[in-house]
Amino acid sequence: MSAHGEDCFYCAKDERLYRLMVEICKLETSTLFLFREQTYRGRCVVALNAHETELFRLDRETLCAFSRDVAKTAAALQRAFGAAKINYAIYGDLVSHLHYHVVPKHKDGHNWGEPFAVQPSPAKHLSEEGYKEVITTIKEHLSG
Ligand SMILES: [Zn+2]
C-alpha cells in the first residue's frame, strides 16, 4: 500500500519531513532538500512534487524532468564539495513517495567503494547556521 495525503510526509510537508531535512528550493518537477544528517557533506534528497511511487509510472516528460533535476543537483554537489563520485539511491519500502538520495562521496571519505550508510551512526548534525552555510554553497552552484 502506498502512503498518500496525510500519511505521506512528502505530501503532508509536516514536522516528520522537516525533522529529517531542510528545504533548499523548488526544481522543475521536484523539491530539493538538504538532509539534516550530514556525515556526507552536502547530502541531499530530490523529492518528486507529485505523489508517485515508481519511475515506470511517470509519464515520459515527468521522468525526463525528474532526471534533469537529479542531474542538476548532482552537478551542483560535485562542484560545491569536490566529490569524487555522486551516489544515487531510491529505496522507498517505507516512504514510497519517489525521492532520490543524492550523496557526495570522497576517496578518503566515509564508505568509499561501498554503498553510503542511509542512517549513519553516530549521526552528524549541524547547527542551524551550519545548514544555512551548506545550503548557500549548494544554491551558488545550482545557479552557476
Ligand atoms: Zn506523497
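Residues numbered from 1 in each chain as written. Predicted model: local features only at pLDDT ≥ 70, side-chain atom pairs only at ≥ 80, totals over all residues. Heavy atoms only, no water.

**Description of the nonpolar core**
And step 1. If you look at the biggest cluster of nonpolar residues, it comprises 28 residues, and the most contacted ones within it are I24, L32, L34, V46, F66, V102 and I138.
And step 2. Those elements giving two or more residues to this core turn out to be β1 (21-26), β2 (30-35), β3 (44-48), α3 (60-81), β5 (99-105) and α4 (128-143).
And step 3. With seven residues, α3 is the single largest residue contributor to this core.
And step 4. The contacts of L34, once residues within four sequence positions are left out, are L20, M21, V22, I24, G42, R43, C44, Y131, V134, I135 and I138. (Core = buried A, V, L, I, M, F, W, Y, C linked by side-chain atoms within 4.5 Å. Buried < 20%, exposed > 50% of the residue type's maximum accessible area, 1.4 Å probe, protein only. Helix = DSSP H or I, 4+ residues; strand = E, 2+ residues; numbered from the N terminus. Contact = heavy atoms within 4.5 Å.)

**A look at the sheet that holds strand β4 (residues 85-89)**
And step 1. With respect to topology, five strands assemble into an open sheet ordered β1-β2-β3-β5-β4, the strand pairing being antiparallel. Looking along the sheet, the strands with just one partner apiece sit at the ends: β1 and β4. Direction aside, the axes of adjacent strands within the sheet are offset by 25° on average.
And step 2. In terms of strand pairing, β4 meets β5 through five bridges, oriented antiparallel. Paired with K85 across the two strands is K105, which belongs to β5. (Pairing = 2+ DSSP bridges. Axes fitted to C-alpha atoms, helices over the stretch in contact; angles between N-to-C directions.)

**Quick look at the coordination of the zinc ion**
As a benchmark, a tetrahedral metal site with four donors has ideal angles of 109.5 degrees, while an octahedral site with six donors has ideal angles of 90 or 180 degrees.
And step 1. Within the protein, the zinc ion binds to C8 (SG), C11 (SG), H51 (ND1) and H97 (ND1); these donor distances fall in the range 2.0 to 2.3 Å.
And step 2. Given four donor atoms and angles of 102 to 118° at the metal, the environment of the zinc ion is assigned as tetrahedral.
And step 3. Of note, the donors binding the zinc ion are all from one chain and are spaced C-x2-C-x39-H-x45-H. With C11 in helix α1 (residues 9-12) and H97 in the loop between β4 and β5, this residue pair connects regions lying 86 residues apart in the sequence. (Donors = N, O, S within 2.8 Å, 3.2 Å for Na, K, Ca; no water. Tetrahedral: all angles 85-135°; square planar, octahedral: opposite > 155°, others 65-115°.)

**Focus: the layout of surface pockets**
Any space left empty among the atoms is revealed by the rolling of a water-sized probe across them.
And step 1. Taken as a whole, the largest pocket encloses approximately 500 Å³ of empty space.
And step 2. Around the largest pocket, the lining comprises 22 residues; the ones closest to its centre are L20, F35, H101, V118 and Q119.
And step 3. When residues of the lining of the largest pocket are traced back to their parent elements, those giving at least two are α1, α2 (15-20) and β5.
And step 4. Residues belonging to the lining of the largest pocket are distributed by class as follows: 12 nonpolar, five polar and five charged. (1 Å grid on protein atoms, 1.4 Å probe; cavity = no way out; pocket = protein on both sides within 12 Å on 5 of 7 lines; lining within 4 Å. Points joined across faces, edges and corners; volume = space filled by probe spheres on them. Nonpolar A, V, L, I, M, F, W, Y, C, P; charged D, E, K, R; others polar.)

**Comments concerning the environment of A47**
And step 1. Looking at where A47 falls in the secondary structure, it is placed in strand β3.
And step 2. Each C-alpha atom, one on A47 and one on K26, is 9.7 Å from the other, the two residues being 21 residues apart in sequence.
And step 3. Discounting residues that sit within four places of it in the chain, A47 has contacts with Y10, S30, T31, F33, F66, L98 and H99.

By themselves, these observations are geometric and do not establish any function.
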